[in-house]
Amino acid sequence: MNFDKEYDASGLACPLPIVKTKKALSDMASGQVLKVLSTDPGSVCDMAAFAEQTGNALLEQGSENNKFVFYLKKA
Amino acid sequence: MAKKMALIATKGTLDMAYPPFILASTAAALGWEVQIFFTFYGLQLLRKNLKSIKISPLANPAMPMPVPMPVFVQMLPGMESMATMMMKQKMKSKGVASLTELRDLCQEAEVKFVACQMTVDLFEFQKSDFIDNIEYGGAATFMKFAGESDVCLFI
């Protein structure tokens, strides 16, 4: 999937993947796509909850090289 | 309208310092408006230097110990510092943010910090002991925001 920016939260524990994802989104334009990498298993549920509550759509999620991958479209 | 969360932070130990800052920084990232009211030992969390925030193995049977340790050993001088050092190392190795980092993230995200004026006076704190950009108020200040909040927790 195409994306405009990538943020790697590997190695970080709750709540950093979410808080830093929010920061990574802050300088992006509406409609742009952010790719987030994480190694925190909790981020699977957390990212969905983040997307639902903030309106930034979670376009796709999966795994890549033993990391969790998320594609968020900025609201 | 943004959801609101009101927290009361009353504890000054390392383990109890995390929940308010974790919840506040997360809620702020979700677009919530957040206020934390710091009172009694929670005031320690507003000090410029958080080095005095420690974890105690004493009266804390749930705390994992590398080797079983009788209570009278846990009372010895230096045990608290050692337990704190080990916990901080463990946290760092697991990618857990430091308290200072989480607190900075809260302030960056405009979480409002309110210090309880009564306990500031009680413990004879000076405003210069605390970080900048905090407000001072009492129970009525807290109730005003808490009354409008969606989530309200006492920690």
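Scroll up to find the structure.
Being a predicted model, the structure only gives us computed values, none of them experimental.

Chemist: Requested: an account of the overall build of chain B, with residues and values cited.
Modeler: For chain B, the count of helices and strands is six helices and five strands. Counting helices and strands in the order they occur from the N terminus, chain B gives β-α-β-α-α-α-β-α-β-α-β. Here the C-alpha radius of gyration of chain B, 17 Å, is about what a compact globule of 155 residues would show, namely 15 Å. Along the three orthogonal principal directions, the C-alpha set of chain B runs to about 50 × 35 × 25 Å. Split into buried and exposed, the 155 residues of chain B put 28% on the buried side. For chain B, long-range pairs separated by at least 24 residues make up 79% of all intrachain contacts whose partners lie at least 6 apart in sequence.

Chemist: Explain the sheet that holds strand E5 (residues 151-154) of chain B to me, and be specific about the residues and the numbers.
Modeler: Residues and elements named next belong to chain B. Here we have five strands laid out as an open sheet, ordered E4-E3-E2-E1-E5, and parallel in their pairing. A strand with exactly one partner marks an edge of an open sheet, and here the two such strands are strand E4 (135-137) and E5. Strand-to-strand, the axes of this sheet are offset by a mean angle of 20°, without reference to chain direction. Of the pairings in the sheet, the one linking strand E1 (residues 4-9) to E5 comprises four bridges and is parallel in character. Paired with Ile8 across the strands is Phe154, a residue of E5.

Chemist: Before we move on, could you go through the packing of helix H1 (residues 16-26) of chain A against helix H1 (residues 14-29) of chain B and cite the residues and values that matter?
Modeler: A pair of packed helices can be characterised by two numbers: the angle between their axes and the separation between those axes. Where H1 of chain A meets H1 of chain B, the closest approach of the two axes is 9 Å, and the angle between their N-to-C directions is 35°. As H1 of chain A packs across H1 of chain B, the resulting crossing turns out to be left-handed. From H1 of chain A, Ile18, Val19 and Lys22 of chain A reach across to H1 of chain B, where they touch Ser25, Thr26 and Ala29 of chain B. Its residues placed into classes, the contact of H1 of chain A with H1 of chain B shows three nonpolar, two polar and one charged.

Calculation criteria
- Residues numbered from 1 in each chain as written.
- Chains lettered and ligands numbered in written order.
- Predicted model: local features only at pLDDT ≥ 70, side-chain atom pairs only at ≥ 80, totals over all residues.
- Helix = DSSP H or I, 4+ residues; strand = E, 2+ residues; numbered from the N terminus.
- Rg over C-alpha atoms; globule rule 2.2 N^0.38 Å.
- Buried ≥ 20, exposed ≤ 12 C-beta atoms within 10 Å, placed from the backbone.
- Contact = placed C-beta atoms within 7 Å.
- Pairing = 2+ DSSP bridges.
- Axes fitted to C-alpha atoms, helices over the stretch in contact; angles between N-to-C directions.
- Left-handed = near helix turned anticlockwise from the far one by under 90°.
- Nonpolar A, V, L, I, M, F, W, Y, C, P; charged D, E, K, R; others polar.

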